[in-house]
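# A structural walkthrough
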Amino acid sequence: MDWLKVHLSKIATVNMGQSPPTNSYNDVGKGLPLFQGKLEFGAIHPTPIKWCTEPRKIAQKNDILMSVRAPIGQTNIADQICCIGGGLAAIRAKKEIAEQKYLYWLFKFIEPSISDLGQGSAFKAINRSHIESISIPLPTLSEQHRIVEILDQADALRRKRLEADQIIDRILPSLFIKMFGDPATWDVSNTKPLGELINIQGGGTPSNKNLKYWEGNTPWVSLKDMKQDIIYDSIEHISDLAIKETNLKYIESGAILILVRGMILAHTIPIAIAGTRLTINEDMKAISPKGKEIDSTYLQAALKASSKIILAQVGTAGHGYRKLDTQSLLNLPIFIPSQQELNRFQLSSSYSHQLRSKFAEVKIKLEILFQTLQNRAFSGELTAKWREDHFKELLQEMEHQAKLLDNN
């Protein structure tokens, strides 16, 4: 029993986004949440950074939001009625023939091929025609439900692991505050300005017009990579030639990476530690401890513990972008521990990193398992036995499905 293959336009509606007037934007929650692209995406649902009072295009709750500009093809599910800008499309399955969550998992599985549809010399993008022509393997509704059920169960395991990661992420900051106190309560006489304790470096972007700059193996870190505490690699890489012919400099292993420009600074300060020699883009700074009063691990924990203080210093630059002023960062007070306290913190940090390594191994195994399940799910192999057990009912359902497709 082979599945039908149909274009997405036969089984879903596609609503292309359109940016509302910029004077209707606000960040105080007035109007509808405004989602403009991947930046607001979370694990499943997007998080609003801005709202707007004059929406041009509206997505409904449970619509699949797809990024139509680079990075193309990434998806989230709207958890509320929202306004969508020009960087997104909202996709809604025709419920009599397709399961919304089935399409969501399928889009996740075929995201690389959707991304390959992108066109444009400077910035790649896809349009309505590209999306509507996506080929969809279409089992019956009951089999779609079965596939979604299995993938949801497997995804739940991944979510639990993520929750464990989040618990580990909180261990060091909690330990830091337990040992050294809340940064908001530090006695100034026991602190030094960050600028006295570190060297600071900026980043940059090699010209996209010179392809040789982008053919190397040196990690080039941007916000997209700042989702983990230690950065060993990045999505994009540059060549030694880019380092030689531009103002970009290597950032050495152990430096602390901090985002200083971007909309995410409205609510989060991404902070990580370089686990290898790398480079960064112009939206980031790298800071390296000098002297022996603090080390990288302590500084990373101190900055994370000071996130609320740093967030309060974030301002708004041109085009509404959030920016952390460098001098404000350098003035940040950092508690100076005794050498004994520093050694104790290093020991605890070492144990935390060991725990994180073990969880990382589990993460890799779960991701491989999930990819295998996706591959089997959308090839029909995963539900082959179930299909045999429900053969008669499925035949009737397939006839009904064919009639619905003829009428669409």
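What comes next concerns the included structure.

## Notes on the overall build of the protein chain
Broken down by element type, the protein chain carries 12 helices and 23 strands. Counting across all 408 residues of the protein chain, residues that qualify as buried make up 45%. The contacts of the protein chain with a sequence gap of at least 6 include a subset with a gap of at least 24, amounting to 75%. For the protein chain, the accessible surface area stands at approximately 21000 Å², while carbon and sulfur atoms represent 51% of it. Distance between charge centres in the protein chain, computed from 49 positive and 44 negative side chains, equals 3 Å.

## Section: the pattern of salt bridges
Following the criterion strictly, the structure yields 15 salt bridges and no others. We note a salt bridge from K101 to D152, for which the minimum N-O separation is 2.9 Å. With K101 in helix α1 (residues 100-109) and D152 in helix α4 (residues 141-180), the pair connects residues that are 51 residues apart, well separated along the chain. On the basis of relative accessible area, K101 is assigned to the partly exposed category, the value being 24%. For R158, the salt bridge is made with E367, and the minimal N-O distance between the two is 3.0 Å. With R158 in helix α4 and E367 in helix α10 (residues 339-379), the pair connects residues that are 209 residues apart, well separated along the chain. Ionic contacts of the salt-bridge type, sharing partners, join the residues D155, R158, R159 and E367 into one network.

## Here we look at the nonpolar core
With 48 residues, the main nonpolar core has F176, L194, L257, Y298, L299, L303 and I334 as its most contacted residues. Among the elements that take part in this core, helix α7 (residues 296-305) stands out by supplying 6 residues, more than any other. Residues in contact with Y298, not counting those within four places in the same chain, are F176, F180, I334, F335, I336, P337, L342 and F345. Core analysis: the second largest hydrophobic core is formed by 42 residues, A12, L103, L106 and I126 among them.

## Observations concerning the sheet that holds strand β2 (residues 12-16)
Pairing between sheet strands relies on hydrogen bonds along the backbone, with the strands arranged either parallel or antiparallel. Judged by pairing direction, the sheet is antiparallel, and its 4 strands sit side by side in the order β2-β10-β7-β8 without closing on themselves. With partners counted over all chains shown, the strands left at the sheet margins are β2 and β8 (75-77), one partner each. With direction set aside, neighbouring strand axes in the sheet form an average angle of 25°. Pairing geometry for β2 and strand β10 (residues 88-93), over 5 bridges, is antiparallel. Directly across from N15, in β10, lies its bridge partner A90. The sheet strands contacting α1 are β2, β7 (64-67), β8 and β10, and the helix crosses β8 at an angle near 155°.

## Focus: the packing of α1 against α10
When two helices pack together, their arrangement is given by the angle between their axes and by how far apart the axes lie. For the pair α1 and α10, the least separation of the axes is 10 Å and the interaxial angle reads 115°. The chirality of how α1 crosses α10 is left-handed. Only F370, Q374, N375 and F378 of α10 make contact with α1, whose side of the interface consists of Y102, W105, L106, K108 and F109. Residues belonging to the contact of α1 with α10 are distributed by class as follows: 6 nonpolar, 2 polar and 1 charged.

## A short note on the state of the cysteines
In total, this model carries 0 disulfides according to the counting rule given. Of the cysteine sulfurs around C83, a residue in no disulfide, the closest is that of C52, at 3.5 Å. By relative accessible area, C83 is classed as buried at 0%.

What counts, and where the lines are drawn
- Residues numbered from 1 in each chain as written.
- Predicted model: local features only at pLDDT ≥ 70, side-chain atom pairs only at ≥ 80, totals over all residues.
- Heavy atoms only, no water.
- Helix = DSSP H or I, 4+ residues; strand = E, 2+ residues; numbered from the N terminus.
- Buried < 20%, exposed > 50% of the residue type's maximum accessible area, 1.4 Å probe, protein only.
- Contact = heavy atoms within 4.5 Å.
- Areas by Shrake-Rupley, 256 points an atom, 1.4 Å probe, with all protein chains shown as cover.
- Lys, Arg positive; Asp, Glu negative; His and termini not counted.
- Charge placed at Lys NZ, Arg CZ, Asp CG, Glu CD.
- Salt bridge = Lys/Arg side-chain N within 4 Å of Asp/Glu carboxyl O.
- Core = buried A, V, L, I, M, F, W, Y, C linked by side-chain atoms within 4.5 Å.
- Pairing = 2+ DSSP bridges.
- Axes fitted to C-alpha atoms, helices over the stretch in contact; angles between N-to-C directions.
- Left-handed = near helix turned anticlockwise from the far one by under 90°.
- Nonpolar A, V, L, I, M, F, W, Y, C, P; charged D, E, K, R; others polar.
- Disulfide = S-S within 2.5 Å.

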